[in-house]
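So you can see what is in the structure, the chains are spelled out below.
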Amino acid sequence: MASSTRVDLDGNPIKPLTICMIGAGGFIGSHLCEKLLAETPHKILALDVYNDKIKHLLEPEHGSPTLADRIQFHRINIKHDSRLEGLIKMSDLTINLAAICTPADYNTRPLDTIYSNFIDALPVVKYCSENNKRLIHFSTCEVYGKTIGSFLPKDSPLRQDPEYYVLKEDASPCIFGPIEKQRWSYACAKQLIERLIYAEGAENGLEFTIVRPFNWIGPRMDFIPGIDGPSEGVPRVLACFSNNLLRREPLKLVDGGQSQRTFIYIKDAIEAVQLMIENPARANGHIFNVGNPNNEVTVKQLAEMMTEVYSKVSSETPLEVPTIDVSSKEFYGVGYDDSDKRIPDMTIINKQLGWNPKTSLWDLLESTLTYQHRTYSEAVKKATSKPASTS
Ligand SMILES: NC(=O)c1ccc[n+]([C@@H]2O[C@H](COP(=O)([O-])OP(=O)(O)OC[C@H]3O[C@@H](n4cnc5c(N)ncnc54)[C@H](O)[C@@H]3O)[C@@H](O)[C@H]2O)c1
Ligand SMILES: O=c1ccn([C@@H]2O[C@H](COP(=O)(O)OP(=O)(O)O[C@H]3OC[C@@H](O)[C@H](O)[C@H]3O)[C@@H](O)[C@H]2O)c(=O)[nH]1
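Residues numbered from 1 in each chain as written. Chains lettered and ligands numbered in written order. Predicted model: local features only at pLDDT ≥ 70, side-chain atom pairs only at ≥ 80, totals over all residues.

(A) Molecular detail of the site of ligand 2. In the vicinity of ligand 2 lie 17 residues, with Thr-140, Arg-236, Val-237, Cys-240 and Val-254 positioned nearest. Of all elements in the fold, only α9 (237-246) and β9 (251-254) reach the threshold of two or more residues within the shell around ligand 2. The dominant element in the shell around ligand 2, judged by the number of residues it contributes, is β9, at three residues. (Near = placed C-beta within 6 Å. Helix = DSSP H or I, 4+ residues; strand = E, 2+ residues; numbered from the N terminus.)

(B) Spotlight on helix α6 (residues 110-117). By the burial criterion, the buried members of α6 are Pro-110, Thr-113, Ile-114, Ser-116 and Asn-117. On an axial view of α6, the arc spanned by its buried residues comes to 165°, and they lie on one face. On its buried face, α6 is in contact with α5 (103-106) and α8 (185-204). (Buried ≥ 20, exposed ≤ 12 C-beta atoms within 10 Å, placed from the backbone. Arc of directions from axis to C-beta. Contact = placed C-beta atoms within 7 Å.)

(C) Geometry of the nonpolar core. In terms of nonpolar packing, the biggest core is built from 100 residues, with Met-21, Ile-22, Cys-33, Ile-44, Ala-46, Leu-47 and Met-306 touching the most fellow members. Sequence-distant contacts of Ile-44, defined by excluding residues within four places in its chain, comprise Ile-19, Met-21, Ala-24, Cys-33, Leu-36, Arg-70 and Ile-71. (Core = buried A, V, L, I, M, F, W, Y, C linked by C-beta atoms within 7 Å.)

(D) Molecular detail of the site of ligand 1. Around ligand 1 sit 26 residues in total, of which Gly-23, Gly-26, Ile-28, Ala-99 and Cys-101 are the nearest. Those elements giving two or more residues to the shell around ligand 1 turn out to be α1 (27-39) and β2 (43-48). When residues of the shell around ligand 1 are assigned to their parent elements, the largest contribution, three residues, is made by α1.

(E) Representation of unusual backbone geometry within the structure. With phi around 40°, Asn-215 is a residue other than glycine that occupies positive phi space. Relative to the assigned elements, Asn-215 resides in the loop between β7 (208-213) and β8 (216-217). Judged by C-beta crowding, with 21 C-beta atoms within 10 Å, Asn-215 ranks as buried.

(F) Structural detail: the sheet that holds strand β4 (residues 93-96). Spatially, seven strands are ordered β3-β2-β1-β4-β5-β7-β12 in an open sheet, and the strand pairing comes out parallel. Looking at strand neighbours, the two that pair on one side only are β3 (71-75) and β12 (286-290), the edges of this open sheet. Across the sheet, the mean angle from the axis of one strand to that of its neighbour is 15°, orientation sign disregarded. As paired elements, β7 and β12 share five bridges and run parallel to each other. Its bridge partner lying in β12, Val-211 is registered against Phe-288. Contacts from helix α7 (residues 122-130) reach β1 (18-22), β4 and β5 (134-138), with the element oriented near 165° to β4. Together, β4, β5, β7 and β12 form the strand contacts of helix α10 (residues 266-278), whose direction differs from that of β7 by roughly 175°. (Pairing = 2+ DSSP bridges. Axes fitted to C-alpha atoms, helices over the stretch in contact; angles between N-to-C directions.)

So, in structure tokens, the structure goes:
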């Protein structure tokens, strides 16, 4: 529990903060709220349109009354709510997590995606800048787009050279596909809001930190279609594959599952965010990659590992044919495109905050799939065994 003698990385006492957390009810927000309440004295003004994932923190009867005293939920849609500026003014720090951030939306709802990731973030940046409030803004690793290496001939030896694929905050270009590949609507909107925040820092002195998460995964990520989200909804890959495993269906590999990702355990990643919150002098003015370069797999390898881990934690035998290939057009529709490979360079975050990820892919999948099995397996069994309606 929080003690009055907590110090930052330079040995200075950490002052209790009031934090305006926008998008606090989502996957990352729920873990950040949990950690800040458990380990720090900070107060949270939690803004979101939903609060299901933080309900356990808001109700004193389920948690400690002292924890619930330090979090206040405000059901606010930041698109149109005049309370936003007041809440930012009341806080020492604003953390903006709100976004449409599932790839299935980028090419099918590009307008909503651009509005959510650029236009809706504008007032947040403006209020922080005008009121001299610090901002931690969540961007994405997708701003890098494709690697330089992906444009080299398939057999070029340069493809093996890290210079052609490792993603560096202060050196790598942002490479997106053509406009008709609407997949890039999200990355492009995130890039423009990064540039705007950076410019507010340069011209108006805004104190900011930009976070580029590289595939953070863990419990409470997205939803299981037909259980706690729409039946036809397409969440991110962890939830898609969890859903397939829970329903004993083959896992769908988009375009053969050849794209590569590095996955990081949410609990490791949240430690980096806490360091940013509590070390403003080291974090202000920086853009940070937050990922685990040691956990790289192709999506096909991820599917195979998840199948093995799920079989272990559920004691169910895997399917004889555990995966099937599906085209991206069939799975996501027209305008889909993909990032080929995402390895974060860790130099800047290491130097500024001394942070390193810890958890291996196997271990993080084991704890996450144990959670998925415990949380959803009964509900999925019930849903799949329901007799057809007779009315
Ligand atoms: N999880 C990852 O690996 C990952 C990777 C890259 C970037 N990010 C970024 O991190 C942030 C948080 O991601 P997440 O994984 O927690 O997603 P999430 O969808 O679980 O959380 C986003 C939250 O924002 C809320 N929100 C959206 N629009 C809002 C609005 N207009 N008003 C109020 N609330 C609104 C949603 O209700 C949701 O609870 C996003 O900006 C996302 O782009 C996440
Ligand atoms: O069922 C599925 C789902 C997804 N996939 C593939 O798995 C890979 C990862 O897909 P995810 O849904 O997790 O999303 P991506 O990694 O492409 O993008 C994510 O990256 C960072 C964030 O900004 C967002 O959370 C999201 O854009 C993609 O190659 C996708 O095509 C499958 O093969 N099968």
